[in-house]
Amino acid sequence: MKMRSLLSITIAGLLSAPVLATTVTGTVTDTSGKPVEGAEVKIEGTRRIAITDENGIYRFNDVKQPHIHLHVYSSNYIHGDNDLGDVSSDQKADFVLQPASVENIVVTATALQSSVLESVTPVTVIGAEKLRKIEAPTLGETLKNTPGVHSTYFGPVSSSPIIRGNDGPRVKIVQNGLDVSDVSRVGPDHNVATTLASATQVEVLRGPATLQYGSGAIGGVVNVVDKRIPQYQVDGVEGEVEASYSTVNEGKYTRGDVTGGQGNFVWHVDGFIRDTENADIPGFASLEPDDDEESGELESSAMETTNIVAGLSYVAEEGYFGFAVEKLDNEYGVPGHSHGHGDEHDEDHDEDHDEGLDDDHDEEHMHEEEGVLLDVDMTRYQAAGEWHSPIKGLTNLKFAAAYTDYEHAEIEDGMPGTVFTNESTDIRLSAYHEEVAGWHGVFGLQFTSSDYTAVGEEAFTPANVTDSFSLYLIEQKKVGDVTFEIGGRLESTSIDVADSEVELDVYHDEDHEGEEHEGEEHEGEEHEAHGTEFTFPEYDFTAVSLSAGANWEYTDGQSVAITLSRSERAPSQQELFSAGQHLATESYEVGLVFDLDEEGHIEENLKGVTEEVSTNLDVTFRKFTGDWGYSVSLFYNQADNYVFQTNTGLIALSEHEEHGDEHDEEHEGELEGEHEGEHEEGHESHSDEGLPVYYFQQADADIWGLEAQAYFDLNDAFRLTVFTDYIRAEIEDDNLPRTPPMRIGGELSYVNGGLSADAGFTWVDDQTDTASFETATDGYTLLNASVQYEFASQGIDWVVFARGDNLTDEEARVHTSFLKDQAPLPGRNISVGVRALF
């Protein structure tokens, strides 16, 4: 008790100071004079927020700030500002807000926290209400219908966002501004560890002008904002609970979050449980199914997830400080492997049925004998604080830090395999300064450290420690109707890599007739033993990134934003050092530092690598008032030394190609130096003959395209929304692999009182602009619909909802997926549920 009192006194002493109090009140209305209910009025430089009542009235009592600057937020209106200056008496300040035709949410991921309509950078924010309607088990599938965003789709259990054709390390995934620190950037089978159970919004920043998050974020940033560390005082207890069921996978999902407070202390707890079976699919999982493959189910696509988060904050008028702890347990299958393990397993499974084993034992036997499972265990500690006006010249000081202990084990046929671990630290300090010659902005520093290990037969990247230290500066100035923004970032990255032995028995066919001898003793081929111990130097990279942009509101409610940026990125550890079979993607990966020739030989000398340099131009047009609006973004990205992974046409013989065959052990890890001819139909065709070799390389690339979204209010109840995006990506004289195809989508929504409903479609074009050794993918059309009804009873707001996905049960294969030929999207699904808010 004494320790708690001492802590309270210490924090309060830092965050509080006696000042004469005043009262600030006023009314918020729209241009027609109608009161705006539920608007947030904030006193800048404090944690004070007032919500307008049904008459649009707000009130602050005992305001201790000598300088009062008010800001009004409402998602349906253009935000308002009023700088009252230095005051010593009670104040009355009224606001008249202009309606916006698009949801105008404050973007916390931008350095200066601009709204969607004020942002120089192209940005999309998905609010809590929309998020609850579209939430999927994975982040990639949740965001995949956002313009410019696609999904890596590794089955319904794992996917990451792809932004403008960029994925992996080029897309930064952060939770409340801090790196999620999982290993999802290492491989598409590794799910993003961030959760959406209590998210208040998800922010998608497109393009490289995201300087405070790292030079690696050339594609963009996805920021998941939640309530784990409370930032504002709460009187009493508030929260919500939800339960839902999905037919496509017998999925059961239960979640809840509760926030409460007393005095200056505020606490938060949230968690969820998700349990699904294998997903139903229309037809066969494989594009070219085996004779023994069953239709209608995507094997190894079940998941069991449990997550709990708890946080506590001390909140005063001049700032806050809090911390949170998260515990995630997630076990999920990796599709595309269950039916390819040989006849021996199938015969054993049939014998079990003949012996009359019950259904529970059959299911247990399936998990033990078939497929690949990933068992994830993560503990994350996070702290954050904010101190308003700490010293003269600074308006705000922000601190954030996270330590993440992440581990997942890959389990094949019931046996533990490779174990991946990543212990990481992310620390950020940002200082906001007062205006200087009209410029206001933020300067900061960031330190990140990652200690990565992989132990097991699929440890295709060596253990390494990556440290990064960065300085950044972002400034903004408004001149008339134009807002200018400039910024820069200096980042130093060092990678210390453990020694690694790469053992390869390399085969190359002297007369290119090796196809005749598949599965034989490679007669007529030259054999060369090739095993090398690599000692890596310490790799050091210095990346300098710059950006400049402007947002011009050339007429009321219409604007154009232009951003020019130059970003440098250090290659990631996977891009640099991969050397081995990646079971989940059914490929053999070779990193940048290795010198792999056309015949499949890895030379003893390491290659030099350099930073990737991207020059990007963004132009965004917006209309955001009246009964219709739009946002159209055009972009062009010219990249030097662009890092990409491509199919070489080589085949690496693997111990996984046949089970129980002694010949596999003899040829473990071999490369067969023959180029694919008839073997271009995806990874599945290699299940009996080896693994395709994917090689990381650097070359100049050009990526360009557009994203567009428009809204039309047909009347007070109906709104029509349409969107499209298109991307072209070329690497010298070839196309970049896995480039997303063109899409067009639309939705008709209805809102009247407590009843809301929508029906929409997404049309995906064929993708024929493919890379070498990459196959084309057919297009598809998905139909979706949802309905929900809201009502209040005994002080609780209830929401009853139903949603239908892929209503026509169409077979759809995702071109950006490594498993496009083995794992289609789920079939028809109906989800029903209930939500209670209190």
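Residues numbered from 1 in each chain as written. Predicted model: local features only at pLDDT ≥ 70, side-chain atom pairs only at ≥ 80, totals over all residues. Heavy atoms only, no water.

Considering the sheet that holds strand β6 (residues 80–86)
Paired through their backbone hydrogen bonds, the strands of a sheet run either parallel or antiparallel. The condition is simple: For two strands to count as paired, DSSP must find a minimum of two bridges between them. By the criteria applied, helices consist of DSSP H or I runs no shorter than four residues and strands consist of E runs no shorter than two, each listed in order from the N terminus. Under this scheme, a helix contributes an axis fitted over its contacting stretch, all axes are lines through C-alpha atoms, and angles between N-to-C directions fall in the 0 to 180 degree range.
One open sheet accounts for four strands, arranged β3-β2-β5-β6; its pairing is antiparallel. Each of the sheet's edge strands pairs with one partner strand only, and the pair in question is β3 (49–51) and β6. Put simply, the sheet's adjacent strands are angled 15° from each other on average, direction ignored. Strand direction decides the pairing type here: strand β2 (residues 40–43) and strand β5 (residues 67–73), joined by four bridges, are antiparallel. Counterpart to Ile43 in the pairing with β5 is Leu70.

Brief notes about the pattern of salt bridges
This is how it is decided: Take a side-chain nitrogen of Lys or Arg and a carboxyl oxygen of Asp or Glu: if they are within 4 Å of each other, that pair is a salt bridge. For every residue, the accessible area obtained with a 1.4 Å probe (protein chains only) is divided by the maximum for its type, and the residue is called buried under 20%, exposed over 50%, and partly exposed between those limits.
Evaluation of the coordinates by the stated rule reveals 30 salt bridges. Between Arg569 and Glu575 there is a salt bridge, with its nearest N and O atoms 3.1 Å apart. As far as the burial class goes, Arg569 and Glu575 line up, both buried. A salt bridge links Asp769 to Arg728, with the shortest nitrogen-to-oxygen separation between them at 3.9 Å. One end of the pair, Asp769, is in the loop between β42 (755–764) and β43 (780–793); the other, Arg728, is in strand β39 (residues 718–731), with 41 residues separating them in the sequence. Overall, Asp769 belongs to the partly exposed group, its relative accessible area being 30%.

Quick look at a nonpolar patch on the surface
Under the convention used in this document: In this scheme, patches are assembled from residues that exceed 30% relative accessible area and form no salt bridge. Like charges are connected within 9 Å, while nonpolar side chains (Val, Leu, Ile, Met, Phe, Trp, Tyr) are connected within 5 Å. Accessible surface area values rest on a Shrake-Rupley calculation with a 1.4 Å probe, where residue burial reflects the displayed protein chains alone.
A surface patch of nonpolar side chains, amounting to about 930 Å² of accessible area, comprises Val237, Val241, Trp267, Val269, Ile308, Leu312, Phe323, Val325, Tyr381, Tyr403 and Phe838. Among the elements of the structure, β16 (236–246), β18 (265–276), β21 (303–316) and β22 (319–334) are those that each provide at least two residues to the nonpolar patch.

Quick word on the packing of aromatic side chains
We apply this condition: Between 30 and 60 degrees the pair is tilted, below 30 it is stacked and above 60 it is edge-to-face, where a pair is any two Phe, Tyr or Trp rings, Trp via its six-membered ring, whose centres lie within 6.5 Å. Any Lys NZ or Arg CZ that is within 6 Å of a ring centre and within 35 degrees of that ring's normal is treated as a charge sitting over the ring.
The full count for this structure, using the stated rule, is 18 aromatic pairs. Between the aromatic rings of Tyr58 and Phe60, the centroid separation amounts to 6.0 Å while the plane-to-plane angle is 65°, which identifies the pairing as edge-to-face. Relative accessible area serves as the criterion here: at 1%, Tyr58 is assigned to the buried category. Take Phe60: its relative accessible area is 1%, and that puts it in the buried class. An angle of 80° between the planes, with centres 6.1 Å apart, marks the rings of Phe536 and Phe594 as edge-to-face. A residue pair is termed long-range when its members are at least 10 positions apart, and Phe536 in the loop between β30 (525–534) and β31 (539–555) and Phe594 in the loop between β34 (587–590) and β35 (612–623) qualify at 58 residues. Take Phe536 and Phe594: they sit in the same class, and that class is buried. Every member of this aromatic cluster is reached through a ring pair, and the members are Phe534, Phe536, Tyr539, Phe577 and Phe594. Above the ring of Tyr253, the side-chain terminus of Arg274 is found at 4.2 Å from the ring centroid. A cation sits over an aromatic face here: Lys623 above Trp628, 4.6 Å from the ring centre.

Side note on the side chain of Glu485
Keep this limit in mind: For the purpose of charge, His is not counted, nor are the chain termini; Lys and Arg are scored as positive and Asp and Glu as negative. In protein, a polar contact requires one atom able to donate a hydrogen and another able to accept it; more generally it is a pair of N or O atoms within 3.5 Å, and residues adjacent in sequence count only if both atoms are side-chain atoms. Whether two residues are in contact is decided by their heavy atoms, any of which lying within 4.5 Å being enough.
Turning to its location among the elements, Glu485 is positioned in strand β28 (residues 482–497). The side chain of Glu485 is buried and forms no salt bridge, while Arg622, the nearest opposite charge, is found at 10 Å. At a separation of 2.9 Å, a polar atom in the side chain of Glu485 contacts the side chain of Gln476. Not counting the four nearest positions on each side in its chain, Glu485 is found in contact with Val120, Ile474, Glu475, Gln476, Ser547, Ala548 and Gly549.

Everything listed here is a matter of coordinates, which is why it stays silent on function.
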